[in-house]
Amino acid sequence: MLKKNDKTLLQKLHKRYDPEFARLVTMMSGYCREMDEGQLEKAYNFGLEAHKNQQRYSGEPYFGHCLSVAIILAELKMDRATIIAALLHDTVEDTDVTLEDIKEEFGDQVSLLVDGVTKMSSIKFQNKEARQAETFRKMLLSMAKDIRVIIIKFADRLHNMRTLHHVPDNKRPRIAIETRDIYAPLAHRLGIARIKSELEDLALKHLENEVYRNLVQEIKISKTEREAYIREVTEPIEKELIAHNIPADISGRPKSFFSIYNKMQKRKRPFEEIYDLLAIRIIVSKIEECYYILGLVHSLYMPVYDRFKDYIAMPKINGYQSLHTTVVGPKGRMIEIQIRTTAMHEMAEDGIAAHWKYKEDLHGKTQFEDHLNWVKDLLERQMQERDPGDFMENLKIDLFQDEVFVFSPNGDLIKLPRNSTPIDFAYAIHTNVGNQCIAAKVNGKIVALRTTLKSGQQIEIITSQNQKPSQDWLSVVKTSKARHWIKKVLRDEQKAQTLQIGNEILVKYLKKYKLTPDSPKVIECLSSFGFQDMNSLRVSIGRGEFVVEKIGQKLFPVIDEKDKKPDNFFIKYLKRARSDTGIRVHGIDNMLLHFAKCCQPVPGDRIIGYLTKGKGITIHRTDCKNMIKLYDDKERVIDVEWDIDDQQTFQVHLSILGEERKNLLQDITQCISKQEINIISVYFSVEDMYAKGQLDIEVKDLRHLTKTMASIRKLPGIFTVERVEDISKLNTST
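For every chain, the first residue of the written sequence is number 1, and numbering continues from 1 onward in sequence order. Given that this is a predicted model, residues contribute local features only at a pLDDT of at least 70 and side-chain atom pairs are listed and counted only at 80 or more, while totals for whole chains, interfaces and linings are drawn from all residues. Based on all heavy atoms of the structure, the side-chain values leave hydrogens and waters out of the count.

## Considerations on the side chain of Thr-479
Now for step 1: Counting from the N terminus, the helices are DSSP H or I runs at least four residues long and the strands are E runs at least two residues long. Relative to the elements of secondary structure, Thr-479 occurs in the loop between strand 11 (459-463) and helix 22 (480-511).
Now for step 2: For every residue, the accessible area obtained with a 1.4 Å probe (protein chains only) is divided by the maximum for its type, and the residue is called buried under 20%, exposed over 50%, and partly exposed between those limits. For Thr-479, a relative accessible area of 10% corresponds to the buried category.
Now for step 3: Think of a polar contact as two N or O atoms within 3.5 Å of one another; within protein, one of them needs to be a possible hydrogen donor and the other a possible acceptor, and neighboring residues in sequence only count if both atoms come from side chains. Within the structure, Thr-479 has its side chain in polar contact with the side chain of Asp-424 (distance 2.8 Å).

## Regarding the pattern of salt bridges
Now for step 1: Salt bridge, as used here: a side-chain nitrogen of Lys or Arg that lies within 4 Å of a carboxyl oxygen of Asp or Glu. Counted by the stated rule, this structure contains 17 salt bridges.
Now for step 2: A salt bridge links Asp-36 to Arg-80; its shortest N-O distance comes to 3.8 Å. Remark: Arg-80 occurs in helix 4 (residues 80-87) and Asp-36 occurs in the loop between helix 1 (4-29) and helix 2 (37-50); sequence separation between them is 44 residues.
Now for step 3: When its relative accessible area of 32% is taken as the criterion, Asp-36 is described as partly exposed.
Now for step 4: Measuring nitrogen to oxygen at the nearest pair gives 4.0 Å for the salt bridge that ties Asp-696 to Arg-450. Pair noted here: Asp-696 is in strand 20 (residues 690-699) and Arg-450 is in the loop between strand 10 (445-447) and strand 11, with a separation of 246 residues, a long-range link.

## Here's the deal with the pairing of strand 6 (residues 334-341)
Now for step 1: A large share of strand 6 lies buried, amounting to seven of its eight residues.
Now for step 2: In short, DSSP must find at least two bridges between two strands for them to pair. Where strand 2 (residues 278-284) and strand 6 come together, six bridges link them in parallel fashion. Within strand 6, the position partnered with Val-284 by the bridge is Thr-341.
Now for step 3: Connecting the antiparallel pair strand 5 (residues 323-328) and strand 6 is a turn made up of five residues, with Lys-331 showing a positive phi of about 65°.

## Quick word on the pairing of strand 8 (residues 413-417)
Now for step 1: Here strand 7 (residues 403-407) runs beside strand 8; their pairing, made up of five bridges, is antiparallel. In the sheet register, Phe-407 faces strand 8, and the bridge partner there is Leu-413.
Now for step 2: The hairpin turn running from strand 7 into strand 8, its antiparallel successor, is five residues long, and Gly-411 in that turn takes a positive phi close to 90°.

## Focus on the sheet that holds strand 11
Now for step 1: In space, the three strands of this open sheet follow the order 10-9-11, with antiparallel pairing throughout. Edge strands, defined here as strands with exactly one partner in the open sheet, are strand 10 and strand 11. Adjacent strand axes in the sheet meet at a mean angle of 35°, parallel and antiparallel pairs treated alike.
Now for step 2: Here strand 9 (residues 437-442) pairs with strand 10 via three bridges, running antiparallel. Residue pairing for strand 10: Ala-440 is matched across the bridge by Val-447.
Now for step 3: Only heavy atoms enter the contact rule, under which two residues are in contact if any of them lie within 4.5 Å. With axes taken as lines fitted to C-alpha atoms, and helix axes fitted only over the stretch in contact, angles between N-to-C directions fall between 0 and 180 degrees. Of the strands in this sheet, strand 9, strand 10 and strand 11 are in contact with helix 20 (residues 422-429), which crosses strand 11 at around 80°.

## Quick notes on the packing of helix 20 against helix 22
Now for step 1: Relative to each other, helix 20 and helix 22 sit at 85°, their axes nearing to 9 Å. Taken as axis vectors, helix 20 and helix 22 run roughly perpendicular relative to one another. Residue-level inspection shows Ile-423, Asp-424, Tyr-427 and Ala-428 of helix 20 in contact with helix 22, the latter providing Lys-481, Ala-482, Trp-485 and Ile-486.
Now for step 2: Under the convention adopted here, Pro, Cys and the residues Ala, Val, Leu, Ile, Met, Phe, Trp and Tyr are nonpolar, Asp, Glu, Lys and Arg are charged, and Gly plus all remaining residues are polar. Of the residues in the contact of helix 20 with helix 22, the class split is six nonpolar, no polar and two charged. Should an angle fall under 35 degrees it is called roughly parallel, over 145 degrees roughly antiparallel, and 65 to 115 degrees roughly perpendicular, with every other angle called oblique.

## Points about the nonpolar core
A general tendency of soluble globular proteins is for nonpolar side chains to be buried together.
Now for step 1: Ranked by size, the top nonpolar core spans 60 residues in total, and within it Leu-24, Leu-40, Leu-73, Ile-83, Val-110, Ile-151 and Phe-154 carry the most contacts.
Now for step 2: In terms of residues, this core owes the most to one element, helix 3 (residues 63-75), which gives nine residues.
Now for step 3: If near-sequence neighbours (up to four positions away) are discounted, Leu-24 is found in contact with Leu-40, Leu-67, Ala-70, Ile-71, Ala-74, Ile-83 and Leu-87.
Now for step 4: What is meant by a nonpolar core is a set of buried Ala, Val, Leu, Ile, Met, Phe, Trp, Tyr and Cys residues, joined one to another through side-chain atoms within 4.5 Å. Ile-617, Phe-650, Ile-656 and Ile-718 belong to the second-largest nonpolar core, a separate cluster that totals 27 residues.

## Observations concerning the environment of Asp-518
Now for step 1: Among the structural elements, Asp-518 can be located in the loop between helix 22 and helix 23 (520-524).
Now for step 2: Each C-alpha atom of the pair Asp-518 and Met-534 lies 8.4 Å from the other, and the pair is 16 residues apart in sequence.

## What about unusual backbone geometry?
Now for step 1: Phi at Asn-245 takes a positive value of approximately 55°, unusual for a residue other than glycine.
Now for step 2: With respect to the helices and strands, the residue Asn-245 is situated in the loop between helix 13 (223-243) and strand 1 (249-254).
Now for step 3: A positive phi is found at Asn-443, a non-glycine position, where the angle reads about 55°.
Now for step 4: Mapped onto the fold, Asn-443 is located in the loop between strand 9 and strand 10.

## Let's talk about the packing of aromatic side chains
Aromatic ring pairs are reported here in terms of the distance separating the ring centres and the angle at which the planes meet.
Now for step 1: Two rings from Phe, Tyr or Trp (for Trp, the six-membered ring) form a pair when their centres sit within 6.5 Å of each other. Planes less than 30 degrees apart are called stacked, planes more than 60 degrees apart edge-to-face, and all others tilted. Inspection of the entire model under this criterion finds five aromatic pairs.
Now for step 2: Ring geometry for Tyr-212 against Phe-257: centres 5.3 Å apart, planes inclined by 75°, an arrangement best described as edge-to-face. Taken together, the positions of Tyr-212 in helix 12 (residues 209-221) and Phe-257 in helix 14 (residues 257-267) put the pair 45 residues apart, joining distant regions of the chain.
Now for step 3: Residue Tyr-212 is classed as buried on the basis of its relative accessible area of 14%.
Now for step 4: One aromatic cluster in this structure is built from Phe-21, Tyr-44 and Phe-63.
Now for step 5: Lying across the ring of Tyr-62, Arg-56 places its NZ or CZ 5.9 Å from the centre.
Now for step 6: Comment: the charge-over-ring label is applied if NZ (Lys) or CZ (Arg) is within 6 Å of the ring centre and within 35 degrees of the ring normal. Residue placement shows Arg-333 over the ring face of Tyr-229; its charged tip is 4.2 Å from the ring centre.

## With respect to helix 4
Now for step 1: Burial analysis of helix 4 places seven of its eight residues in the buried class, which makes it a mostly covered element.
Now for step 2: Residues of helix 4 that are buried include every one of Ala-81, Thr-82, Ile-83, Ile-84, Ala-85, Ala-86 and Leu-87, and no others.

## Concerning the side chain of Arg-340
Now for step 1: When you line up the elements, Arg-340 lands in strand 6.
Now for step 2: Buried charged residue Arg-340 carries no salt bridge. Nearest counter-charge: Glu-349, at 4.7 Å.
Now for step 3: At 2.6 Å, the side chain of Arg-340 forms a polar contact with the side chain of Tyr-320.
Now for step 4: Here the side chain of Arg-340 touches Gln-338 through a polar contact of 2.9 Å, side chain to side chain.
Now for step 5: Aside from chain neighbours lying at most four places away, what touches Arg-340 is Arg-281, Ile-282, Ile-283, Val-284, Cys-290, Tyr-320, Gln-321, Ser-322, His-324, His-345 and Ala-348. None of His or the chain ends enter the tally, which takes Lys and Arg as positive and Asp and Glu as negative.

## Remarks on the confidence of the model for the protein chain
Now for step 1: Confidence scores labelled pLDDT are given residue by residue by the predictor and lie between 0 and 100. Put simply, the protein chain has an average pLDDT of 78, and 76% of its residues get 70 or more.
Now for step 2: Predicted confidence for residues 586-591 stays below pLDDT 50, and this span has 25 contacts to residues more than four positions away or in other chains.

## So, the environment of Leu-654
Now for step 1: One can find Leu-654 in strand 18 (residues 650-659).
Now for step 2: Distance in space between the C-alpha atoms of Leu-654 and Met-709 is 8.6 Å, their sequence separation being 55 residues.
Now for step 3: Apart from residues lying up to four places away in sequence, Leu-654 is in contact with Gly-693, Gln-694, Leu-695, Ile-697, Leu-705, Met-709, Ile-712, Glu-722, Arg-723 and Val-724.

## Some remarks on the environment of Tyr-212
Now for step 1: For the pair Tyr-212 and Asp-201, spaced 11 residues apart in sequence, the C-alpha separation works out to 8.1 Å.
Now for step 2: When near neighbours in sequence (up to four residues on either side) are disregarded, Tyr-212 contacts Asp-201, Leu-204, Lys-205 and Phe-257.

Set out below in structure tokens:
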């Protein structure tokens, strides 16, 4: 109940926002069959009272924001529960109102929606990244339960972005970046184009204000010319439609500021040199009319090769359907024409939000269910990511995706992000197929696993039970699902190896005291070091994080007084055994060793080791630029030497430049084969009469490599053959 001294303020607030509330009621009355004005007014008064003493940065009463969010959702024609939840969405986070209060007054459904939108503000996190990750984790979980949560969040973020100019300068960039990188792509993924475009434009406004203002001015200046050009393009189309008795709604518009800015950045061109800024949209009532009109348009204007997309037959992953064609219009200017039905247009603009407009008329499986399955699949993977950085990275990978359409041998259509590889395809089929993927066929031909897939290709995956994911796969996969499962397998293997190493160190150390890890004395001292069980102790020792001598100092402080040097036993263990990988740290266990990708050492190179806790020892060439930077940390620099057998091989990356000629690639591969060398992958391209290529090969040692490079240099037309020092310079489309 309101107190007497609160009534005057509340009456002022009510008077100020009463017209907006009346507008909300009017909007809902026009589309909502379950409209309950009394319940809506109850929520309005409840939220108004809860926020009565709060103001926004602008000085406006806070509840005005909640009302604006509800109006945005009414424009999307959302249902009554969503609108009520919007009016109350900040009450639990910012006032004394509890979820129990919401549940008691408005029921379980509204309470669930408000809870899903509420931020994780009451939980303590290590840093902002962890807080952000957990906020989005909770949002995903709430989306899986009820996807209306994210639609409310979109409206909330949209109004916040519209009023971001009132927020202090130091806070704006973080909010704008989060909007651009997470909320806008997520709105796109769920098909809500109108919100996605406005969020992107507002983010650009606050991140690149001068660029944004210039674009607004340029668009404004060119408005008259643009409208005249649109009329020039559309008039012939309108005449054809009338002649064929096809009613249609035709409109033209410039693309969004953010889209134009991206084109300028990608092409490195000023605004004046970006010509495909216009899009004409033709909306009809039937699907067959879309294809008929496409033929009419192509009879009037020359279509641009490879710029036609049939998203009706193959909808985008967010459910978007339309025909896209780019044609050469009057004056030789390119212009995009989009053809779709009314229902497709509403789905394109409102995406998943359109479900609530039609939900009472829907039967069977819908795009809405497809969206829910995507959210649940995303949630299942992301909930297993403990590292906040990995979580946010994978979330962005899932959102920033254009698509290719490929087929399985059975003809099943698989949608993947652009630049995906056969490994991504394998994981899209099944996790086990991805984990055991050893080779792939594209249109019946064996290709490298890092090959970039293109729409229309048929992909077949060859598996082996002995195959396991490789660390190198992470550099070529594009889907978060593939990245997640590769990392999981690698982590599990590393943990098992670390556990085994830690156990060996612990057993050998305790042996001098005639103890074992199961000895009561050892188990009793676990808690004093912060370990819950023996395995967590073993893992910590195996990573080099826990100094095993501390156990002796704890159990036998006098006897163990001499063991003061940290990591003494750990280092002794490292200098114990011969490695199967061909390196000796005066002997080293291979489970703690790997070769640096930056310099790719092979036997014969002068090498040095660098000890990293949790990752073991990385072997670099002594002249490696990365290693030179690490020499100051002398305690971690370890002397190593080669200790190989005749069967071992080492991977090397070569870069080749030559004259473009017939059979050049064939000559190179035959030359390499004569040296009894295995070619892992090869990529060649032709630029300005030159052939440029990269090869991954396996050699026995430096002498073997030098001889091979010399043989290639002798081939006709070869200019240079170089050993690539940095793997990041390689073309990944191999």
